[in-house]
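Given next are the chains, with one letter for each unit.
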Amino acid sequence: MKEKKRDIRALTKEQLRDFFIEKGEKAFRGNQVYEWLWKKGAHSFDDMTNLSKETRLFLDTYFDINHIKVDDMQRSQDGTIKNAVKLHDGLTVESVLIPTATRTTACVSSQVGCSLNCEFCATARLKRMRNLQPDEIYDQVVAIDQQSRMYHGFPLSNIVFMGMGEPLMNYNNVLKSIEKITGEDGLGMSPKRITLSTSGVPKMMKKLADDGPKFNLALSLHSAIDEKRTKIMPFNEQFPLADIKEALKYWYDKTGTRVTYEYVVWKGINDTIDDVHELIKFCKVIPCKVNIIEYNSIDDPRFEQASPKAIDLYKTQLERNHIIVNVRRSRGKDIDAACGQLANKQ
Ligand code: SAH
């Protein structure tokens, strides 16, 4: 029986060289194909003009090139771009370019849908359909890098894994994509400009710490009180704050780098002085920084952005306790491209 074709970009350069050796060809053909795939961005074997027709046909019998396709691009009034990204099997994810005057940030997806069930997030309404492959994540970055050059005249500056999905639940593929993004034969970007954001999967946070990453870690905290966190992020029941704290300590012991806590303040949910005090205690666990992010409405009456006064209370109290805090405004709201709004509305 004929084997199913494989995604050729799931192979390393070594594996490609081995493939050619196995088939009785010269190993350097592997290097040539690798260069076509990753440096020259070939979308078909026919593009690989320094290979013979036979070799190209032969590759086509074993492999597919599963490129993503930006199906639809929306540009917001503030310059934010949202891409609907079509995958080879017809599924769609979204990725976003967020510009400021001096830099551009790519917000990329790691899964189609999401297996977590944060009550305030639009992506949670889609069930997890599948993990993205490393090259499907990489392609999102390449597409946004091109948009950055085209619209802003400079290459992409930063990447955040804050699109659809929980990156630590697609661990291997996310790490492979980062290897490619930072690698010499990929984009050569600095890992310091990459942030992986997690809802907090303690076991995987520890594994990540063991693997010695050079990129940044962010934790979506939203409440430092178990009872409340479980209400808005139900998986907190399985991964309670005590386990997350332990994983954070482990992380800091191994990596020596501070973690960013993402925090949305909602009216009547986490806007009291008690909530602030618990957050301050949580911030003493390891060196950290807090990003207070604006709530982006997903049309659920339970959730409403807290008052400016409540935000101010957080800010002043955190600062009084010498904790670094940023209050972030959202971008791209008019096209549903902001945090938590990615859900394939079209
Ligand atoms: N699963 C990962 C990454 C995706 S979510 C994580 O949870 O970190 C990226 C960020 O957007 C998280 O901090 C998440 O809590 C936040 N977010 C989700 N829905 C939101 C909404 N409606 N408004 C503002 N932020 C939201």
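None of these values were measured; they are calculated from a predicted model. (Residues numbered from 1 in each chain as written. Predicted model: local features only at pLDDT ≥ 70, side-chain atom pairs only at ≥ 80, totals over all residues. Heavy atoms only, no water.)

## Topic: the overall build of the chain
- Across its full length, the chain holds 10 helices and 14 strands.
- Over its C-alpha atoms the chain spans a radius of gyration of 22 Å, differing by no more than 12% from the 20 Å that the globule rule assigns to 346 residues.
- Its C-alpha atoms put the chain at 70 × 45 × 40 Å along the principal axes.
- Here the chain holds 346 residues, and 51% of them are scored as buried.
- In the chain, 65% of the contacts between residues at least 6 apart in sequence involve partners at least 24 apart.
- Element-wise, carbon and sulfur atoms account for 49% of the exposed surface of the chain, whose accessible area totals about 16,600 Å².
- Charged side chains in the chain number 52 positive and 47 negative. The centres of these two groups are separated by 3 Å. (Helix = DSSP H or I, 4+ residues; strand = E, 2+ residues; numbered from the N terminus. Rg over C-alpha atoms; globule rule 2.2 N^0.38 Å. Buried < 20%, exposed > 50% of the residue type's maximum accessible area, 1.4 Å probe, protein only. Contact = heavy atoms within 4.5 Å. Areas by Shrake-Rupley, 256 points an atom, 1.4 Å probe, with all protein chains shown as cover. Lys, Arg positive; Asp, Glu negative; His and termini not counted. Charge placed at Lys NZ, Arg CZ, Asp CG, Glu CD.)

## Section: the packing of helix 1 (residues 13-22) against helix 2 (residues 28-38)
- Packing of helix 1 against helix 2 brings their axes to within 7 Å, and their N-to-C directions diverge by 135 degrees. Classified by the interaxial angle, the pair formed by helix 1 and helix 2 is oblique. Classified by chirality, the crossing of helix 2 by helix 1 is right-handed. For the pair formed by helix 1 and helix 2, the contact residues are Lys13, Leu16, Arg17 and Phe20 on the first element and Phe28, Arg29, Gly30, Asn31, Val33, Tyr34 and Leu37 on the second. (Axes fitted to C-alpha atoms, helices over the stretch in contact; angles between N-to-C directions. Parallel < 35°, antiparallel > 145°, perpendicular 65-115°, else oblique. Left-handed = near helix turned anticlockwise from the far one by under 90°.)

## Some remarks on the site of the ligand
- Residues in contact with the ligand amount to 21 residues; listed here are only the nearest, Phe120, Ser197, Ser199, Ser220 and His222.
- Note that an oxygen atom of the ligand is positioned 2.6 Å from one of the side-chain N or O atoms of Ser197.
- Contacts to the ligand include Ser199, whose side-chain N or O atom sits 2.7 Å from an oxygen atom.
- When the ligand is considered free in solution it has 530 Å² of accessible area, and contact with the protein chains removes 97% of it. (Near = heavy atom within 4 Å. Polar contact = N/O pair within 3.5 Å; in protein donor to acceptor, adjacent residues only side chain to side chain.)

## Considerations on the UniProt feature "active site" (unreviewed entry) in the chain
- The sites that UniProt annotates as "active site" (unreviewed entry) are Glu94 and Cys339. Their sequence span is 246 residues, while the largest C-alpha to C-alpha distance among them is just 11.4 Å; these annotated residues converge on one region.
- In this structure, Glu94 sits in strand 5 (residues 92-99).
- Looking at the secondary structure, you find Cys339 in the segment after strand 14 (324-328).
- Cys339 gets classed as partly exposed once you look at its relative accessible area, which sits at 40%. (UniProt positions renumbered as here; feature names shortened; annotations may be inferred.)

## Things to note about the pairing of strand 6 (residues 104-107)
- Across the two faces of strand 6 the burial is the same, with Thr104 and Ala106 and Thr105 and Cys107 all buried.
- Where strand 5 lies against strand 6, 4 bridges are found, and the strand directions are antiparallel. Directly across from Val96, in strand 6, lies its bridge partner Cys107.
- Alignment of strand 6 against strand 9 (residues 158-161), held across 3 bridges, turns out to be parallel. Among the inter-strand pairings, Ala106 is bridged to a residue of strand 9, identified as Ile159. (Pairing = 2+ DSSP bridges.)

## A few points about a nonpolar patch on the surface
- Residues Val70, Met73, Met150 and Tyr151 make up a contiguous nonpolar surface patch of roughly 350 Å² in combined accessible area.
- Of all the secondary structure elements, the ones that give two or more residues to the nonpolar patch are strand 3 (69-75) and helix 4 (134-152).
- Considering the arrangement of structural elements, one finds Met150 in helix 4.
- For Met150, a relative accessible area of 60% puts it in the exposed group. (Patch = residues over 30% accessible without salt bridge, like charges linked within 9 Å, V, L, I, M, F, W, Y side chains within 5 Å. Salt bridge = Lys/Arg side-chain N within 4 Å of Asp/Glu carboxyl O.)

## Examining helix 6 (residues 202-210)
- All of the buried residues along helix 6 are Pro202, Met204, Met205, Leu208 and Ala209. Burial along helix 6 is one-sided: seen end-on, the buried residues are contained in an arc of 165 degrees.
- Against helix 5 (171-182), strand 10 (194-198), strand 11 (216-220) and helix 8 (241-255) lie the buried residues of helix 6.
- At the exit of helix 6 stands Gly212, carrying a positive phi of roughly 60 degrees. (Arc of directions from axis to C-beta.)

## Quick word on the sheet that holds strand 11
- Strand order in the open sheet made by the 10 strands is 3-4-5-6-9-10-11-12-13-14, with mixed pairing throughout. What marks the edges here is a single partner per strand, and that holds for strand 3 and strand 14. Each strand axis lies, on average, 20 degrees off the axis of its neighbour in the sheet, ignoring direction.

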